[in-house]
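Listed here are the chains, written in short residue letters.
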Amino acid sequence: MFDRAEFTKGVVEWKHLPRDGRPEIAFVGRSNVGKSSLLNSIIGRKKLAYVSKRPGKTTEFNFFLIDGKYYFVDLPGYGYARVSKSMREKWAALIERYLNQRKPLRAVVHLIDSRHPPMAQDEDLIDFMRGSDVPYLIALTKADKLSGNQRFQTVQRLDKRLADVGRSVPIVLTSSKSGRGIKELRGWLRDFLG
């Protein structure tokens with residue numbers, strides 16, 4: 001699993017989403033959280049998803065066909081992207097519709113920077129996913145930059161936040177640099193894909 005991967009298309013409108021019915025896993029998070037790096041680590045390819053030095057480079061729903069069977073979907077980052085307010089609002093509406101209505105969607109991986117408390121948009125997504133039937137997990141990125149105690153505190157703080165809204169979801173500490181959590185994350189993704 002995850003042996004072959006290819007970029008298939010970038011989408012900016014609902015009508016252009018793939019119609020082949022293959023299962024999808026969406027990756028969502030703020031613009032500089034490290035989505036592209038994490039996707040590359042999961043797939044085991046250095047340059048499949050473009051990693052930019054400037055946050056906000058992903059401006060489309062980027063579909064990657066994995067093993068010819070399913071898609072990983074890199075959603076536009078929220079929060080930082082250097083685009084107009086109207087474009088950010090358009091993305092937000094499309095992301096919300098995608099998370100609510102997309103039938104092939106099997107799971108959502110919410111990336112949060114482990115070095116910082118969840119931001120307002122992260123909190124909004126946690127609340128939004130509470131009302132969804134789609135399986136959901138949180139990948140805490142850049143965990144290599146924290147001490148063992150800081151990692152423990154970060155997970156504990158997030159567990160409490162989730163408990164406050166009546167949720168219990170998997171939380172995986174990850175690092176694209178050290179490889180931490182990548183094997184565990186792959187295991188979850190396999191489970192979601194059945």
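Our subject is the structure listed above.
So, here is what we can say about the structure in this document. (Residues numbered from 1 in each chain as written. Predicted model: local features only at pLDDT ≥ 70, side-chain atom pairs only at ≥ 80, totals over all residues. Heavy atoms only, no water.)

**Digging into the overall build of the chain**
And step 1. Secondary structure summary: the chain contains five helices and seven strands in total.
And step 2. Its helices and strands in sequence order give the chain the pattern β-β-α-β-β-α-β-α-β-α-β-α, from N to C terminus.
And step 3. A compact globule built from 194 residues would reach a C-alpha radius of gyration of about 16 Å, and the chain, at 16 Å, matches this within 12%.
And step 4. The dimensions of the chain, computed from C-alpha atoms along their principal axes, are 45 × 35 × 35 Å.
And step 5. For the chain, buried positions account for 49% of its 194 residues.
And step 6. Considering only contacts in the chain between residues 6 or more positions apart, those separated by 24 or more positions represent 74%.
And step 7. Split by element, the accessible area of the chain, about 10,000 Å² in all, is 47% carbon and sulfur.
And step 8. Where the 36 positive side-chain charges of the chain centre and where its 21 negative ones centre are 5 Å apart. (Helix = DSSP H or I, 4+ residues; strand = E, 2+ residues; numbered from the N terminus. Rg over C-alpha atoms; globule rule 2.2 N^0.38 Å. Buried < 20%, exposed > 50% of the residue type's maximum accessible area, 1.4 Å probe, protein only. Contact = heavy atoms within 4.5 Å. Areas by Shrake-Rupley, 256 points an atom, 1.4 Å probe, with all protein chains shown as cover. Lys, Arg positive; Asp, Glu negative; His and termini not counted. Charge placed at Lys NZ, Arg CZ, Asp CG, Glu CD.)

**Overview of the pattern of salt bridges**
And step 1. On inspection of all chains with the given rule, the structure shows nine salt bridges.
And step 2. A salt bridge links Asp 164 to Lys 160; the shortest N-O distance between them is 3.5 Å. With Asp 164 and Lys 160 both in helix α4 (residues 148-164) and four residues apart, the pair spans about one turn of that helix. The burial state of Asp 164 is the same as that of Lys 160; both residues are exposed. (Salt bridge = Lys/Arg side-chain N within 4 Å of Asp/Glu carboxyl O.)

**Examining the side chain of Asp 67**
And step 1. In this fold, Asp 67 is placed in the loop between β3 (61-66) and β4 (70-74).
And step 2. Within polar-contact distance, the side chain of Asp 67 engages the side chain of Tyr 70 at 3.4 Å.
And step 3. Excluding residues within four positions of it along the chain, Asp 67 makes contact with Met 1, Phe 2, Asp 3 and Arg 4. (Polar contact = N/O pair within 3.5 Å; in protein donor to acceptor, adjacent residues only side chain to side chain.)

**Quick look at the packing of helix α1 (residues 35-43) against helix α5 (residues 182-193)**
And step 1. Put simply, α1 and α5 touch, their axes get as near as 10 Å, and they point 80° apart. Comparing the axis directions of α1 and α5 gives the class roughly perpendicular. Note on element contacts: α5 touches α1 through Ile 182, Leu 185, Arg 186 and Leu 189, opposite Leu 38, Ser 41 and Ile 42. (Axes fitted to C-alpha atoms, helices over the stretch in contact; angles between N-to-C directions. Parallel < 35°, antiparallel > 145°, perpendicular 65-115°, else oblique.)

**Remarks on α4**
And step 1. Here α4 is 17 residues long and its end C-alpha atoms lie 25 Å apart, about the 24 Å a rise of 1.5 Å per residue gives.
And step 2. Against the buried residues of α4 lie β5 (105-113), α3 (120-130), β6 (136-141) and β7 (171-173).
And step 3. Note on α4: the residue one or two positions beyond its end, Gly 166, has a positive phi of about 75°. (Expected span 1.5 Å × (residues − 1).)

**Side note on the packing of aromatic side chains**
The geometry of an aromatic ring pair is captured by two quantities: the separation of the ring centres and the angle between the planes.
And step 1. This model, assessed by the stated rule, comprises eight aromatic pairs.
And step 2. Between Phe 2 and Tyr 70, the ring centres sit 6.4 Å apart and the planes meet at 90°, which makes this aromatic pair edge-to-face. Linking Phe 2 in the segment before β1 (5-11) with Tyr 70 in strand β4, this pair joins segments that are 68 residues apart in sequence.
And step 3. Using a relative accessible area of 5% as the deciding quantity, one classes Phe 2 as buried.
And step 4. Members of the aromatic cluster, joined through ring pairs, are Phe 2, Phe 27, Tyr 70 and Phe 72.
And step 5. The ring of Trp 14 has Arg 97 lying over it, and the distance from NZ or CZ to the ring centre is 4.0 Å. (Phe/Tyr/Trp six-rings, centres within 6.5 Å; stacked < 30°, edge-to-face > 60°. Lys NZ or Arg CZ within 6 Å of the ring centre and 35° of its normal.)

**Some thoughts on the pairing of strand β2 (residues 24-29)**
And step 1. A large share of β2 lies buried, amounting to six of its six residues.
And step 2. The side-chain alternation of β2 yields two buried faces, one formed by Glu 24, Ala 26 and Val 28 and the other by Ile 25, Phe 27 and Gly 29.
And step 3. The pairing of β2 with β4 spans four bridges and is parallel. Bridging from a neighbouring strand, Phe 27 pairs with Asp 74 of β4. (Pairing = 2+ DSSP bridges.)

**A word on the nonpolar core**
And step 1. In terms of nonpolar packing, the biggest core is built from 33 residues, with Phe 61, Tyr 98 and Ile 138 touching the most fellow members.
And step 2. Each residue touching Ile 138, except ones within four places of it in the same chain, is listed here: His 110, Ile 112, Leu 158, Leu 162, Val 169, Pro 170, Ile 171 and Val 172.
And step 3. By size, the runner-up hydrophobic cluster in this structure holds 23 residues, among which are Ile 42, Phe 64, Val 109 and Ile 182. (Core = buried A, V, L, I, M, F, W, Y, C linked by side-chain atoms within 4.5 Å.)

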